[in-house]
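Observations on chain architecture
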Amino acid sequence: MSNSILENLTYDPDQGRIAFKDVRYLLIRPETLRDFQKAVEAELGREKVAEMMLQGGLTGGRLSSKRYREVFGYSDQQIVEFMVKMGSEIGWGKFSVEKFDPAKGELVVQVASSPFAAVYGQSDTGVCHLIRGVLAGLAEGIFGRAVTSTETHCLAKGDAHCRFAIRAA
Ligand SMILES: [Zn+2]
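Keep in mind it's a predicted model, so treat the numbers as computed, not measured.

Here we come to the nonpolar core. Counting 40 residues, the largest nonpolar core has Leu 107, Cys 128, Ile 131, Leu 135, Phe 143 and Phe 164 as the members making the most contacts within it. If you list the elements that add at least two residues to this core, you get helix 2 (46-70), helix 3 (76-89), strand 4 (94-101), strand 5 (106-112), helix 4 (115-120), helix 5 (129-143) and strand 7 (162-168). Broken down by element, the residue count for this core peaks at 9 residues, all from helix 5. Ignoring any residue separated from it by four or fewer positions in sequence, one finds Leu 135 in contact with Phe 95, Val 109, Phe 164 and Ile 166.

Structure, rendered in structure tokens:
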């Protein structure tokens, strides 16, 4: 199965650097993120950590939507389609758009097989805060204003897939 990200990664052995279109990425096991997340949750509580991880994802989403608009001249629709494809290709689960309504400021994305949820174990709340944040950053760039981003369904809660509803404020 072709993967446009993997096929276009560059590797600089002198720097230990992997990049896609000159943007650096790294591979990390989901267990590493999970253990970090759980350790911080034990200290600060799950709500605070959810907010902090959302902030972490926001930056990447904002940078990506800005870059794909300014450097590659993508339309809003193309940015959403590209990010959904890329989300799957970088291994963050199988992304699909359930709804995209720029006029109403609404974006709903489903993610099957989230690696974050898959390793987390049972939870009574959604745990995929990085995905929630990246999608929020992406949507902010498109809608041009602040958004709320909610994980309405999560594999870790026993749902069939994760689902993210993003709305412009
Ligand atoms: Zn989830």
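After presenting the structure, the write-up continues.
Applying the stated criterion across every chain, the model contains 7 aromatic pairs. With 4.5 Å between their ring centres and 45 degrees between their planes, Tyr 68 and Phe 82 make a pair best called tilted. Pair noted here: Tyr 68 is in helix 2 and Phe 82 is in helix 3, with a separation of 14 residues, a long-range link. When sorted by exposure, Tyr 68 lands in the same class as Phe 82, which is buried. Taking 5.7 Å as the distance between ring centres and 70 degrees as the angle between the ring planes, the aromatic pair formed by Tyr 74 and Phe 82 counts as edge-to-face. By relative accessible area, which is 13% here, Phe 82 ends up buried. Stacked on the ring of Phe 72, the Lys or Arg Lys 21 has its end atom at 4.6 Å from the ring centre. Lys 38 extends its terminal NZ or CZ atom over the ring of Tyr 120, reaching a point 4.3 Å from the ring centre.

Looking now at the pairing of strand 2 (residues 17-20). The sheet contact formed by strand 1 (residues 9-12) and strand 2 spans 4 bridges and is antiparallel. Among the inter-strand pairings, Thr 10 is bridged to a residue of strand 2, identified as Ala 19. Direction of pairing for strand 2 relative to strand 3 (residues 23-25): antiparallel, over a ladder of 3 bridges. In the strand pairing of strand 3, Ala 19 is matched with Arg 24. Between the antiparallel neighbours strand 2 and strand 3 lie 2 residues, among them Lys 21 with a positive phi of about 50 degrees.

The rules behind each value
Residues numbered from 1 in each chain as written. Predicted model: local features only at pLDDT ≥ 70, side-chain atom pairs only at ≥ 80, totals over all residues. Heavy atoms only, no water. Core = buried A, V, L, I, M, F, W, Y, C linked by side-chain atoms within 4.5 Å. Buried < 20%, exposed > 50% of the residue type's maximum accessible area, 1.4 Å probe, protein only. Helix = DSSP H or I, 4+ residues; strand = E, 2+ residues; numbered from the N terminus. Contact = heavy atoms within 4.5 Å. Phe/Tyr/Trp six-rings, centres within 6.5 Å; stacked < 30°, edge-to-face > 60°. Lys NZ or Arg CZ within 6 Å of the ring centre and 35° of its normal. Pairing = 2+ DSSP bridges.

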